[in-house]
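Chain and residue survey
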Amino acid sequence: MPFRADPWLHVIAGCMSSGKTDELLRLLRRAEIARRRVLLVRPAIDNRTPGEFAESRSKARYPSVLVNREEPSGILALARERDADLVGVEEAQFFDDQLVDVVLALRDSGRHVIASGLNLDFAGRPFGPMPLLMAHADQVTTLSAICVVCGDVATRTQRLVGGRPAAVDDPLVVIGGYDHGAMETYEARCLRHHEVAAPHGVTMVPGLGTGEVPSSPGVGVERSQAG
Ligand SMILES: [Zn+2]
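Residues numbered from 1 in each chain as written. Predicted model: local features only at pLDDT ≥ 70, side-chain atom pairs only at ≥ 80, totals over all residues.

Quick word on the pairing of strand β11 (residues 156-161)
Here β11 pairs with strand β13 (residues 184-189) via six bridges, running antiparallel. Across the sheet, the residue bridging to L160 is T185, located in β13. Here β11 runs beside strand β12 (residues 164-165); their pairing, made up of two bridges, is antiparallel. The residue bridging V161 from the neighbouring strand is R164, located in β12. The loop that links β11 with its antiparallel partner β12 comprises two residues; one of these, G162, has a positive phi angle of about 60°. (Pairing = 2+ DSSP bridges. Helix = DSSP H or I, 4+ residues; strand = E, 2+ residues; numbered from the N terminus.)

Quick notes on the confidence of the model for the chain
Looking at the chain as a whole, its pLDDT mean stands at 84, while 78% of the residues score no less than 70. The model gives residues 207-227 a pLDDT under 50, and that stretch makes 39 contacts with residues more than four places away or in other chains. (pLDDT = per-residue confidence, 0-100. Contact = placed C-beta atoms within 7 Å.)

Here's the deal with the nonpolar core
Grouped together as the largest cluster of nonpolar side chains are 46 residues, with contacts concentrated most on L28, V87, V103, V113, A115 and L133. Those elements giving two or more residues to this core turn out to be β1 (8-14), α1 (20-33), β2 (38-43), α2 (74-81), β6 (86-89), α3 (99-108), β7 (112-118) and α4 (130-136). Split by domain, this core shows at least three residues from each of two domains, domain 1 (8-143) and domain 2 (144-203). Setting aside residues no more than four positions away along its own chain, A115 makes contact with V11, V89, A92, V103 and L133. Ranked by size, the runner-up nonpolar core spans seven residues in total, among them A166, A167, V196 and A197. (Core = buried A, V, L, I, M, F, W, Y, C linked by C-beta atoms within 7 Å. Buried ≥ 20, exposed ≤ 12 C-beta atoms within 10 Å, placed from the backbone. Domains from an automatic or database assignment.)

Let's talk about the sheet that holds strand β5 (residues 65-67)
By definition, the strands of a sheet pair up through backbone hydrogen bonds, in either a parallel or an antiparallel sense. The parallel open sheet is built from six strands, whose spatial order is β5-β2-β6-β7-β1-β8. Of all the strands in the sheet, the pair left with one neighbour each is β5 and β8 (139-143). Across the sheet, the mean angle separating the axes of adjacent strands is 20° when strand polarity is ignored. In this sheet, β5 lies alongside β2 in parallel orientation, the contact comprising three bridges. (Axes fitted to C-alpha atoms, helices over the stretch in contact; angles between N-to-C directions.)

As for the environment of R82
Within the secondary structure layout, R82 lies in the loop between α2 and β6. The class for R82 is partly exposed, based on 13 C-beta atoms found within 10 Å. C-alpha of R82 to C-alpha of R37: the two residues are 45 residues apart in sequence and 7.9 Å apart in space. Contact partners of R82, with chain neighbours within four places excluded, come to R37 and L39.

Considering the sheet that holds β12
One open sheet holds the three strands; their spatial order is β12-β11-β13, and the pairing between them is antiparallel. Either end of the sheet is taken by a strand with one partner, and the two such strands are β12 and β13.

Comments concerning unusual backbone geometry
Glycine aside, residues mostly have negative phi, and peptide bonds are mostly found in the trans state. In this structure, S17 is a non-glycine residue whose phi angle is positive, near 60°. We note that R35 has phi near 60°; this positive angle belongs to a residue other than glycine. Examined against the element boundaries, R35 turns out to sit in the loop between α1 and β2. Taking the number of C-beta atoms within 10 Å as the measure of exposure, R35 has 9 and is therefore exposed.

Here's the deal with the packing of α2 against α3
One way to put it is that α2 packs onto α3 with a least axis distance of 9 Å and a crossing angle of 25°. Classified by the angle between their axes, α2 and α3 sit roughly parallel to one another. Contacts between α2 and α3 involve I75, L76 and A79 from the former and V102, A105 and L106 from the latter. Here the residues of the contact of α2 with α3 sort into six nonpolar, no polar and no charged. (Parallel < 35°, antiparallel > 145°, perpendicular 65-115°, else oblique. Nonpolar A, V, L, I, M, F, W, Y, C, P; charged D, E, K, R; others polar.)

This is the structure:
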């Protein structure tokens, strides 16, 4: 598809390891070739790579600006300052819901916006502002990964704490910290192999599926800035 200069919102959604960042960076590079001024932002919570760069699993890198996840309005100011034609938003799911208004304002101002993020959290719940962004989008790309258990198509993000499926009320673990050896990891899984453990304090909940998981606001694939 040729680069679109008109106002446009493209959302790239998918689970862990589905290549969302690679796809986002690929589109940003194309925009550069078209001599568009590109701004890439991501929430300050993401500590996987140094602040100045967004990095994909295939080690592709792109300069980025960290924005406070609770103040996504900072993106508007940055876009104006840099006179950006195209604004990329990585890890959009971690931003406050205000991101939706910010993105719509960017599009209303004639800009092209490409937002990538996890559409579902580890418990299979729509994640942060992603569902609304997808609803408002002019274009949605949904990417899938490969289930690490069976090799089928994966659309879910499995959270493991200490190697076991996490429960919705499992405490957040500081990456790089030493919390009783309870290392927290995430991997791609298909629907059949996606597991959410029963909440703590509940001995057994047969057939606990994502639909029966109690909602607890703010719980998600969290990372701490520490470490
Ligand atoms: Zn599987």
